Amino acid sequence: MSLGGFIGCEYNEDGKEYYDVFVLVCTVTCDDKNRSFYAKNGKLYFSENDTLVTDILYYDFDIDGYLSEQKEGNTYFSAF
């Protein structure tokens, strides 16, 4: 399961190159009858052990921190 992610685009305008990066993030709600998961403060947790589901980019995702951890030269890698 992966929710959220990155969309990147490159374009030329008036002879200049431009780049846009869109970070898709989620705020999660969950039905009270769901036995596997529950939502708290917009994040999804496993009911079994109260562990945060980490395969989701949440509303408070730190893009700067992520990029500084993932940077290799001029290339950025996404887990999605």
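As the structure is a computational prediction, the values presented were derived from the model and not from experiment. Sequence order as written defines residue numbering, which begins from 1 separately in each chain. Residue-level local features of this predicted model are given only where pLDDT is at least 70; pairs of side-chain atoms are given and counted only at 80 or more, and the full residue set underlies all totals for whole chains, interfaces and linings. Where side-chain values are given, they derive from all heavy atoms of the structure, hydrogens and water being excluded.

### Focus: the pattern of salt bridges
It is possible for side chains bearing opposite charge to pair when their charged atoms get close. We count a salt bridge whenever a side-chain nitrogen from Lys or Arg sits within 4 Å of a carboxyl oxygen from Asp or Glu. Tallied over the full model, the rule gives one salt bridge. A salt bridge links Lys43 to Asp60, with the nearest nitrogen and oxygen atoms 2.9 Å apart. Of this pair, Lys43 sits in strand 4 (residues 43-46) while Asp60 sits in the loop between strand 4 and helix 1 (63-70), and the two are 17 residues apart along the sequence. Categorising residues by exposure relies on relative accessible area from a 1.4 Å probe, with only protein chains included: less than 20% of the type maximum marks a residue as buried, more than 50% marks it as exposed, and the intermediate range marks it as partly exposed. Owing to a relative accessible area of 43%, Asp60 belongs among the partly exposed residues under this scheme. Every helix listed is a DSSP run of H or I at least four residues long, and every strand listed is a run of E at least two residues long, numbered separately from the N terminus.

### Some words on the confidence of the model for the protein chain
With 82% of its residues at a pLDDT of 70 or more, the protein chain has an overall mean of 82. Confidence scores labelled pLDDT are given residue by residue by the predictor and lie between 0 and 100. For the protein chain, helix 1 is the element with the lowest average pLDDT, namely 74, and strand 3 (residues 37-40) is the one with the highest, namely 96.

### Quick notes on the packing of aromatic side chains
Classification of ring pairs rests on two measures: the distance between centres of Phe, Tyr or Trp rings, Trp counted by its six-membered ring, which must be within 6.5 Å, and the angle between planes, read as stacked under 30 degrees, edge-to-face over 60 and tilted in between. Overall, the coordinates contain three aromatic pairs when judged by the stated rule. Here the aromatic rings of Phe37 and Phe46 are separated by 5.3 Å at their centres, their planes lie at 40°, and the arrangement is tilted. Judged by centre distance (5.3 Å) and plane angle (15°), the rings of Tyr38 and Tyr45 are stacked. Accessibility expressed as a relative area gives 26% for Tyr38, which makes it partly exposed. You can call Tyr45 buried: its relative accessible area is 17%.

### A short note on the pairing of strand 1 (residues 5-13)
Strand pairing requires that DSSP identify at least two bridges connecting the strands. For strand 1 and strand 2 (residues 16-24), the ladder comprises nine bridges, and the chain directions are antiparallel. Each bridged residue has a counterpart across the sheet, and for Tyr11 the counterpart in strand 2 is Tyr18. Adjacent in sequence and paired antiparallel, strand 1 and strand 2 are bridged by two residues, among which Asp14 carries a positive phi angle near 55°.

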